[in-house]
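Chain and residue survey
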Amino acid sequence: MKDSSPLIAIVDYGAGNLHSVTRAVEKAGGTPLITDVPEDLAKADGIILPGVGSAKSAMDFLVEKHIDQEILNQVDRGKPLFGICLGMQLLFGENEEGPTKGLSILPGRVALLRGRTKVPHMGWNSLNIIRQNPLLEGVEEGSYVYFVHSYHVVVDQEPDIVVSTTDYEGAIVSTVARGNVLGTQFHPEKSGDIGIHMYENFMRIVRGEVPIT
Amino acid sequence: MLTKRVIPCMDVKDGKVVKNYQYFTPLPDAGDPVELASIYNAQGADELMFLDITASVEGRKLIIDLVNRTANEIFIPLTVAGGISSVEDMHRVLRAGADKVAINTAAAWNPDLITAGAERFGSQCIVVAIDAKKETDDWYVYTHGGRKPTGKRAVDWAREAQDRGAGEILLTSIDRDGTGEGYDLDLLDIVASAVSIPVIASGGASTPDHFVEAIQHGADAVLAASMFHYGHYTVSQAKKRMSECGIPVRL
């Protein structure tokens, strides 16, 4: 059973709505487990860090509940981790929102979207796919996905972790990946069929059906 | 490139979609909101809005149920407007599966609600709905469905809402709403240029060309109810027209 419907821990920061992430996991064939206890992360086949709330309160919550350390442990063991929106930003280090410091799993920092006509960047925007990754398998160049964010990830070193960018009066990082660690700045659970397809891709990664790069 | 959004709005009363503005002949029963939502989704709607015009407690429960059922089926952003007057009200609809709440009357009379909502759920959740009416020299904010003046200038209130943490402004022209004559473009001009958060144009659209005009006058998204509800145009037809006019849309 575990192989056919992987258990996906969805980390609950106590901040917001996890309804759509939960339903998207189900739709993609996974079994969602909304949780704020470290033991559940160990038990799960894959982990999702969703995108709700603010960076500082989310990090404070993860530290207080000792979830931050458990995420790092599980990632070290090769468990797939998928950060969405704020969840992707938390994969990085220095974060202007708060300010705070994220999990520092990936090299880079988080900065306010500056110099744009409108902030937040809100709505459907397209993906410029830079390199192949199992998360975007079957996703066409130029596909539209739904964004809503005021901060963005800046990758100074290791440009190879950037899988896609999106043009918003300048390029912003929209998908990142390094091995078992994946992230999207957009919300696949709000991006219609193409977003559900990305969740299905994540399930394939969790099941070990595709090699992670 | 970021596309301009088309948002069909469904006016919901006691769990059913209704539409009875003065200009149009109301349909006796427009049916199930979830079914209509999935039709709009299939046509390429970028987001959906439910405007709850229920007055009864029973009706309020029904909107929670239909938000839940819609969010189970449709994976695009969903906003709930109407009757939201506390952080607890926001929490209820967000927990049911809505992505955003639009607050209007309650925000105008209690601006702290914007701040409290943004702090608790994030600015991206909080849409401030402004119903504006033209008076001799300027546009002013009205509440209670356009009956009660607040004395605030629309442009000042939009700026204040932004400063208090609103993520978006839903700007409705009371003068144009239900007329089918198109959005109030002068109103859009002044509000859209005064704020740096997205502005949704509302009130008066009856053809896709009205969408085009609104975007050209600074709107980031366009909202319409009757135009889609009565089947005069589909969402896809409207977006096709916008694209022909050089407006970036998700087709």
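None of these values were measured; they are calculated from a predicted model.

1. Quick word on the overall build of chain A
Helix and strand counts for chain A stand at 6 helices and 14 strands. In summary, chain A has a C-alpha radius of gyration of 16 Å against a globular reference of 17 Å for 213 residues, a match within 12%. The dimensions of chain A, computed from C-alpha atoms along their principal axes, are 50 × 40 × 30 Å. Across the 213 residues of chain A, 61% fall into the buried class. The long-range share in chain A, meaning contacts at least 24 apart out of those at least 6 apart in sequence, stands at 71%. By element, 50% of the accessible surface of chain A is carried by carbon and sulfur atoms, the whole surface being about 8000 Å². With 18 positive and 27 negative side-chain charges, chain A shows a spacing of 1 Å between the two charge centroids.

2. Notes on the environment of B:Gly97
Mapped onto the secondary structure, B:Gly97 falls in the loop between helix H3 (87-96) and strand E5 (100-103). Taking C-alpha positions, B:Gly97 is 5.5 Å from B:Asn68, a pair spaced 29 residues apart along the chain. When neighbours within four sequence positions are excluded, B:Gly97 is seen to be in contact with A:Asn17, A:His19, B:Val67 and B:Ala71.

3. Some words on the packing of aromatic side chains
In the structure shown here, the tally under the stated rule is 7 aromatic pairs over all chains. When the centroid spacing of 5.6 Å and the interplanar angle of 65° are considered together, the rings of A:Phe147 and A:Phe186 count as edge-to-face. Remark: A:Phe186 occurs in the loop between strand E14 (181-184) and helix H6 (192-206) and A:Phe147 occurs in strand E10 (residues 144-149); sequence separation between them is 39 residues. A relative accessible area of 0% places A:Phe186 in the buried class. Pairing B:Tyr183 with B:Phe211 gives two aromatic rings, centres 6.4 Å apart and planes at 25°, and the pair type is stacked.

4. Some words on the sheet that holds strand E2 (residues 31-35) of chain A
On the basis of which strands lie adjacent, the open sheet formed by 8 strands has the order E2-E1-E3-E4-E14-E13-E12-E9 (chain A) and mixed pairing. On the outer flanks of this sheet lie E2 and strand E9 (128-129) of chain A, each paired with one strand and no other.

5. Re the nonpolar core
With 76 residues, the main nonpolar core has B:Ile130, B:Tyr183 and B:Phe211 as its most contacted residues. A total of 5 residues in this core trace back to one element, the largest contributor, which is helix H7 (residues 185-194) of chain B. Judged by nonpolar contacts, the second largest core, of 63 residues, contains A:Ala55, A:Phe61, A:Leu81 and A:Phe82.

6. Remarks on the interface of chain B and chain A
Every contact between the two is made by 34 residues of chain B and, on the other side, 27 residues of chain A. Where chain B abuts chain A, roughly 2400 Å² becomes buried across the two surfaces, and 54% of that area is made up of carbon and sulfur atoms. Remark: the boundary between chain B and chain A carries 2 salt bridges. With a shortest N-O distance of 3.1 Å, A:Lys118 and B:Asp220 are connected by a salt bridge. Where chain B touches chain A, the interface holds 16 residue pairs in polar contact (both at pLDDT 80 or more). Each residue belonging to the side of chain B that touches chain A can be placed in one class, and the counts come to 16 nonpolar, 8 polar and 10 charged.

7. Topic: the UniProt feature "active site" (unreviewed entry) in chain A
Residues and elements named next belong to chain A. Under the local residue numbering, the UniProt record ascribes the feature "active site" (unreviewed entry) to Cys 85, His 187 and Glu 189. On the basis of their most widely separated C-alpha atoms, the annotated residues across 105 residues gather in one place, lying no more than 10.9 Å apart. Within the element layout of this structure, Cys 85 appears in the loop between strand E4 (81-84) and helix H5 (86-89). When sequence neighbours within four positions are dropped, the list of residues in contact with Cys 85 reads Gly 51, Val 148, His 149, Thr 184, Gln 185, Phe 186 and His 187. Structurally, His 187 is set in the loop between E14 and H6. Once residues lying within four places of it in the same chain are set aside, the contact partners of His 187 are Gly 51, Ile 84, Cys 85, Tyr 146 and Val 148.

Quick notes on the rules
Residues numbered from 1 in each chain as written. Chains lettered and ligands numbered in written order. Predicted model: local features only at pLDDT ≥ 70, side-chain atom pairs only at ≥ 80, totals over all residues. Heavy atoms only, no water. Helix = DSSP H or I, 4+ residues; strand = E, 2+ residues; numbered from the N terminus. Rg over C-alpha atoms; globule rule 2.2 N^0.38 Å. Buried < 20%, exposed > 50% of the residue type's maximum accessible area, 1.4 Å probe, protein only. Contact = heavy atoms within 4.5 Å. Areas by Shrake-Rupley, 256 points an atom, 1.4 Å probe, with all protein chains shown as cover. Lys, Arg positive; Asp, Glu negative; His and termini not counted. Charge placed at Lys NZ, Arg CZ, Asp CG, Glu CD. Phe/Tyr/Trp six-rings, centres within 6.5 Å; stacked < 30°, edge-to-face > 60°. Pairing = 2+ DSSP bridges. Core = buried A, V, L, I, M, F, W, Y, C linked by side-chain atoms within 4.5 Å. Buried area = accessible area lost by both parts, 1.4 Å probe. Salt bridge = Lys/Arg side-chain N within 4 Å of Asp/Glu carboxyl O. Polar contact = N/O pair within 3.5 Å; in protein donor to acceptor, adjacent residues only side chain to side chain. Nonpolar A, V, L, I, M, F, W, Y, C, P; charged D, E, K, R; others polar. UniProt positions renumbered as here; feature names shortened; annotations may be inferred.

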